Amino acid sequence: MTPALTANAPAKRSFQIDSKYVAPILISCILLVGHFTTGMLADWQKTAVCIIVSILTEAIFGFITNKKMPHLASAYVSGISCGILVRSAEWWPFIVAPALSVISKYVIRVDGRHLWNPSNLAIVLLLLLAPQSMYTLSFQFGNHVWAGIVVWILGSVIIYRLKRFHICATYILCFFGFALIRALLNHDMSLVNAFKFEIAPITGPMYQLFIFFMITDPKTTVHSKKGQMLVAFLVAAMEFVLRQWGKNWNVHIASHAPYFALTLMGPTANLIEIYKARQAKKSAH
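Figured I'd write up the structure that's included with this text. (Residues numbered from 1 in each chain as written. Predicted model: local features only at pLDDT ≥ 70, side-chain atom pairs only at ≥ 80, totals over all residues. Heavy atoms only, no water.)

## As for the overall build of the chain
Item 1. When helices and strands are tallied, the chain shows 12 helices and 4 strands.
Item 2. Within the span of the chain, comprising 285 residues, buried residues form 49% of the whole.
Item 3. Within the chain, contacts between residues at least 6 apart in sequence are counted, and of these 73% link residues at least 24 apart.
Item 4. Within the structure as shown, the chain displays about 15500 Å² of accessible surface, and the carbon and sulfur contribution to it stands at 67%. (Helix = DSSP H or I, 4+ residues; strand = E, 2+ residues; numbered from the N terminus. Buried < 20%, exposed > 50% of the residue type's maximum accessible area, 1.4 Å probe, protein only. Contact = heavy atoms within 4.5 Å. Areas by Shrake-Rupley, 256 points an atom, 1.4 Å probe, with all protein chains shown as cover.)

Quick look at the structure:
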């Protein structure tokens, strides 16, 4: 006779999603919501190419490097990110961007750690090297308020699971603070209208991806919570500087200030942390 289950016996879950698939599933939802409500994707075929190139590049380099097939979830996210953010009349940026994104993870490492967010680095390199051939997604959700709300909810679920809300919150609060400073410095209109103008970019899909997937990337952020919050502040501060004065150096730096700010501050923070870890290891010996 089979013994009956006791009241304290744990119930078996009939269905459970691997945590590695949560981000890909939710970012796919963000893509679909954004596209069908605002036409976020200029060409879904180019986005599909980004995803395919990213996955193939990850599979090849991962197998060559580690002699086994890597998990492809992160490659899928990188492909979608490039497919959403890259804009071009030509096809080649949709091949080069995801390829650069994935390759950078294997080529640019210090003590086994990534320095740059892969998608962010790829976009910045293309903006610097081929500004005449590509630009990035920058329009807002317009009057589609519910689309923005859905994206924020889905992004928040991902960040909650990663326990990185403090990074997003720090960056958003700092963005609003620096937006107020820009409103005071740059506009003759009323402060309220100037402030609304300056905070408008954060309502757009470019910033949604930046806030939820780039500055919070577990592989390319420092380890301590206080350090992560400090870096989020420094990224927002650098973005303010680049947005305010970057146009004197390069118009693309000013208009794509978040990407360039993260490209400068993220690796710097990682290198400082790596250096401190090395010194601590030397002291221990």
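## Observations regarding unusual backbone geometry
Item 1. If you check the backbone angles, K67 has positive phi at about 60 degrees while not being a glycine.
Item 2. In this fold, K67 is placed in the loop between α2 (44-66) and α3 (73-85).
Item 3. Phi is positive for K163, which is not a glycine, with a value near 60 degrees.
Item 4. Mapped onto the elements of the fold, K163 is located in the loop between α6 (145-162) and α7 (165-186).
Item 5. Judged by relative accessible area, K163 falls into the exposed class, the value being 69%.

## Things to note about empty space enclosed by the protein
Item 1. A complete count under the given rule lists 1 cavity of 30 Å³ or more for this structure.
Item 2. As for the largest cavity, its lining consists of 18 residues, and the residues nearest its centre are I215, T220, T221, V231 and L262.
Item 3. Elements represented by at least two residues in the lining of the largest cavity include exactly α10 (225-245) and α12 (257-284).
Item 4. Classifying every residue of the lining of the largest cavity by side-chain character gives 11 nonpolar, 7 polar and no charged. (1 Å grid on protein atoms, 1.4 Å probe; cavity = no way out; pocket = protein on both sides within 12 Å on 5 of 7 lines; lining within 4 Å. Points joined across faces, edges and corners; volume = space filled by probe spheres on them. Nonpolar A, V, L, I, M, F, W, Y, C, P; charged D, E, K, R; others polar.)

## Looking at the pattern of salt bridges
Item 1. Following the criterion strictly, the structure yields 5 salt bridges and no others.
Item 2. The residue E58 makes a salt bridge to K105 at a minimum N-O spacing of 2.6 Å. Taken together, the positions of E58 in helix α2 and K105 in helix α4 (residues 93-107) put the pair 47 residues apart, joining distant regions of the chain.
Item 3. Exposure remark for E58: the relative accessible area of 4% places this residue in the buried category. (Salt bridge = Lys/Arg side-chain N within 4 Å of Asp/Glu carboxyl O.)

## Here we look at the packing of aromatic side chains
Item 1. The final tally for this structure, using the stated rule, is 11 aromatic pairs.
Item 2. Aromatic pair F178 and F233: ring centres 6.2 Å apart, planes at 35 degrees, arrangement tilted. A residue pair is termed long-range when its members are at least 10 positions apart, and F178 in helix α7 and F233 in helix α10 qualify at 55 residues.
Item 3. Looking at F178, the relative accessible area reads 14%, which means it is buried.
Item 4. Judged by its relative accessible area of 36%, F233 falls in the partly exposed class.
Item 5. Through a chain of ring-to-ring contacts, the aromatic side chains of Y171, F175, F176, F195, Y207, F210 and Y259 assemble into a single cluster.
Item 6. Taking the ring centre of W91 as reference, the NZ or CZ of K46 above it sits at 5.5 Å. (Phe/Tyr/Trp six-rings, centres within 6.5 Å; stacked < 30°, edge-to-face > 60°. Lys NZ or Arg CZ within 6 Å of the ring centre and 35° of its normal.)

## Observations concerning α10
Item 1. Taking 1.5 Å per residue as the helical rise, α10 with its 21 residues ought to reach 30 Å, and the 30 Å between its terminal C-alpha atoms agrees with that figure.
Item 2. Looking only at α10, the buried set comprises G227, Q228, V231, A232, V235, A236, A237, E239, F240, L242, R243 and Q244.
Item 3. Against the buried residues of α10 lie α7, α9 (205-214), α11 (251-255) and α12.
Item 4. Sitting at the head of α10, S224 places a side-chain oxygen 2.9 Å from the backbone nitrogen of G227. (Expected span 1.5 Å × (residues − 1). Polar contact = N/O pair within 3.5 Å; in protein donor to acceptor, adjacent residues only side chain to side chain.)

In short, shape yes, function no, at least from these values alone.
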